[in-house]
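If you want the building blocks of each chain, they are given just below.
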Amino acid sequence: MDSIIGVKYNGGVIIAADSNNARSILVYQHNLDKIAQIAPNAILGLSGPNADLVSFSEYISKNLKLYSLSNPGQDLSTKATASFCRNTLAVALRKGPYQVQTLLGGWDASPASEDGEGSMYFLDYMGSLQKVNYGIQGYASNFALSVLDREWKEGLTKEEAIKIVDNCINVLDTRFLISQPTFTIKSASK
Amino acid sequence: MTSFVGETSFNPNSLLEIGSRKPNFQLANDLTDDANFLIPNVQDPAFFCRTNFASASGDKDKEQLVKFAKGTTTLAFKFNEGIIVSVDSRSTMGAYIASQTVKKIIEINPFLLGTMAGGAADCSYWERNLGMQCRLYELRNKKRISVAAASKLLANTMNSYRGYGLSMGTMVTGWDETGPQLYYVDNDATRLHDNLFSVGSGSTYAYGVLDTFYRPDLTVDEAIDLGKRAIYHATHRDAYSGGINNLYHVKADGWTKIHAIDVNELHYEFRDEKNEMVA
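- Chain B appears in an unreviewed UniProt entry as proteasome endopeptidase complex from Triparma retinervis.
- For chain B, the Subcellular location (unreviewed entry) comment in UniProt is given as "Nucleus".
- According to its UniProt record, chain B has this under Catalytic activity (unreviewed entry): "Cleavage of peptide bonds with very broad specificity."

- Looking at an unreviewed UniProt entry, chain A carries the name Proteasome subunit beta, with the source organism given as Triparma retinervis.
- In its Catalytic activity (unreviewed entry) section, the UniProt entry covering chain A states "Cleavage of peptide bonds with very broad specificity."

Remarks on the overall build of chain B
- In terms of regular secondary structure, chain B is built from six helices and twelve strands.
- In chain B, the proportion of contacts linking residues at least 24 apart, taken out of those at least 6 apart, comes to 57%.
- Of the roughly 14600 Å² that chain B leaves accessible, carbon and sulfur atoms contribute 53%.

Remarks on the packing of aromatic side chains
- As enumerated under the stated definition, the model contains 14 aromatic pairs over all chains in all.
- Look at tyrosine 28 of chain A and tyrosine 184 of chain B: their rings are 5.1 Å apart centre to centre, the planes differ by 35 degrees, and that puts the pair in the tilted class. Here tyrosine 28 of chain A is found in strand β4 (residues 26-29), whereas its partner tyrosine 184 of chain B is found in strand β8 (residues 179-186) on a different chain.
- On the accessibility criterion, tyrosine 28 of chain A (12% relative accessible area) is buried.
- Measuring from ring centre to ring centre gives 5.9 Å for tyrosine 134 of chain A and tryptophan 152 of chain A, while their planes differ by 50 degrees; the resulting arrangement is tilted. In this pair, tyrosine 134 of chain A is assigned in strand β10 (residues 134-137) and tryptophan 152 of chain A in the loop between α3 (140-151) and α4 (158-175), connecting sequence segments 18 residues apart.
- Judged by its relative accessible area of 15%, tryptophan 152 of chain A falls in the buried class.
- An aromatic cluster is built from Tyr125, Trp126, Tyr161 and Tyr164 of chain B, whose rings are joined through pairwise contacts.
- One residue, arginine 144 of chain B, lies across the ring of phenylalanine 111 of chain B, its end atom 3.4 Å from the ring centre.

Re the environment of proline 181 of chain A
Residues and elements named next belong to chain A.
- Along the chain, the position of proline 181 falls in the loop between α4 and β11 (183-189).
- For proline 181, a relative accessible area of 55% corresponds to the exposed category.
- C-alpha of proline 181 to C-alpha of isoleucine 169: the two residues are twelve residues apart in sequence and 9.8 Å apart in space.
- Ignoring any residue separated from it by four or fewer positions in sequence, one finds proline 181 in contact with Asn20 and His30.

Digging into the interface of chain A and chain B
- Each partner contributes residues to the interface: chain A has twelve residues there, and chain B has 15 residues.
- Interface of chain A and chain B: buried area, both sides summed, is about 1100 Å²; carbon and sulfur atoms make up 45% of it.
- There are four salt bridges connecting chain A and chain B.
- Residue assignment for the side of chain A that touches chain B shows that the elements contributing at least two residues are β3 (21-23), β4 and α1 (50-70) of chain A.

Considerations on the sheet that holds strand β1 (residues 74-79) of chain B
Residues and elements named next belong to chain B.
- One open sheet holds the five strands; their spatial order is β10-β1-β2-β11-β12, and the pairing between them is antiparallel. Where the open sheet ends on each side, the last strands, each with one partner, are β10 (196-199) and β12 (254-262). The sheet shows a mean angle of 15 degrees between the axes of neighbouring strands, taken without regard to direction.
- In the packing of helix α4 (residues 203-213) onto the sheet, contacts are made with β1 and β10, and the angle to β10 comes to roughly 155 degrees.
- Taken strand by strand, helix α5 (residues 220-237) contacts β1, β2 (82-87), β11 (244-251) and β12, and its axis lies near 160 degrees from that of β1.

A word on the packing of α4 of chain B against α5 of chain B
All names here are of chain B.
- Contact geometry of α4 with α5 gives a least axis separation of 7 Å together with a crossing angle of 150 degrees. On the basis of the axis angle, α4 is roughly antiparallel to α5. Considering only the axes of α4 and α5, their crossing is right-handed. Note on element contacts: α5 touches α4 through Leu226, Ala230, His233, Ala234 and Arg237, opposite Tyr205, Ala206, Val209, Leu210 and Phe213.
- Of the residues belonging to the contact of α4 with α5, the class tally is eight nonpolar, one polar and one charged.

Brief notes about the pairing of β11 of chain B
All names here are of chain B.
- Summarising burial for β11: six of the eight residues are buried, a large majority.
- Direction of pairing for β2 relative to β11: antiparallel, over a ladder of five bridges. For isoleucine 84, the partnering residue across the bridge sits in β11 and is histidine 249.
- Between β11 and β12, which pair antiparallel and follow one another directly, the connecting turn spans two residues.

Quick notes on the rules
- Residues numbered from 1 in each chain as written.
- Chains lettered and ligands numbered in written order.
- Predicted model: local features only at pLDDT ≥ 70, side-chain atom pairs only at ≥ 80, totals over all residues.
- Heavy atoms only, no water.
- UniProt positions renumbered as here; feature names shortened; annotations may be inferred.
- Helix = DSSP H or I, 4+ residues; strand = E, 2+ residues; numbered from the N terminus.
- Contact = heavy atoms within 4.5 Å.
- Areas by Shrake-Rupley, 256 points an atom, 1.4 Å probe, with all protein chains shown as cover.
- Phe/Tyr/Trp six-rings, centres within 6.5 Å; stacked < 30°, edge-to-face > 60°.
- Buried < 20%, exposed > 50% of the residue type's maximum accessible area, 1.4 Å probe, protein only.
- Lys NZ or Arg CZ within 6 Å of the ring centre and 35° of its normal.
- Buried area = accessible area lost by both parts, 1.4 Å probe.
- Salt bridge = Lys/Arg side-chain N within 4 Å of Asp/Glu carboxyl O.
- Pairing = 2+ DSSP bridges.
- Axes fitted to C-alpha atoms, helices over the stretch in contact; angles between N-to-C directions.
- Parallel < 35°, antiparallel > 145°, perpendicular 65-115°, else oblique.
- Left-handed = near helix turned anticlockwise from the far one by under 90°.
- Nonpolar A, V, L, I, M, F, W, Y, C, P; charged D, E, K, R; others polar.

Here it is as structure tokens:
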């Protein structure tokens, strides 16, 4: 039931997630933050049962912290972070799977551009990993992926990216059965 | 009981056969051992627990010979003067009312309260276990445990028994250095932090009244009244809730029990109040 929307722009990424937390017919709260900051330069939008959201994001972020303490000065690139996440999901799949669908977005310094570049990865609960320019997890994909297909282009500014995410949220508001009144939006950039 | 070495090929087909098996591991011998939680001596303990001790929520246990005690309305909310915790006291096994006097608020320590919803045995056992862990924390760290940490300990315990069919929906609440705090912890290791929760079969009815009249700036008397009324309305509509309304108030110096009132008396009190208003 969760909607996670991610868009890459020139110099960073934006991830938006709905803030509802519901089980069966009851909504527990409207203010749940489903976007975890797992590293100084990376954010992870998660969808799934609350216990798995928390245990997966905490496992990843604490291990990344351990890595940065054990290897001072060596920051993990977003690509390496994504690989680590994927490996965790894949190993757990046959033992006790994390039922989380995620979008990982990160910023890396780049020789090509002084603003650096953003990268976004689509991670499935079965351990599939795909680098994407934009992505959506949840039922929201049925409605909003076409909006992103139509509007996304290379070299977007942050404001344009936010506008596109806004359009996605409006489509959900109009056509999605579940009411999602609040969204949390975070970005990773310089 | 003696310890048993080696594999067993016996797979018990009914609950009555369980007691005749010997466990294949050593039980705790003295107080310094970590207490073992006995797991059925079968090929797949998790599957066995899930199917024979089915979740004590909804009607998943209707095929079972022994049904679990469940059915509840519990609620807790945070306001400027602390936290109100208000519960009913009915326990049902299928259509049978097993008890009208169950204590669904568990006094973990003088500063922490836990509520009971779901399986009564699971709630009281694991919250008592939590009390033990909190006391160990105090002894090791020379300070009282925070509500966030206490609820995390409980959630971690639930996480390790995932898939074993435990049923527990509890609210852990108390007043620590960061102020009054309220957490909801669940048998599938969900842990949520907010100002207002209601758990149980009657929770939807309680939410109706609670959401309509809740304000953070309620006075203590208004908050007690709201907690009382929300439980009353839930017990009125939900068949599985009833008995006595037990209400506690958590303040900076610990919790106090405010009242224990039969909800039937509340029914006539509120009815008379409405009649007076109309007249």
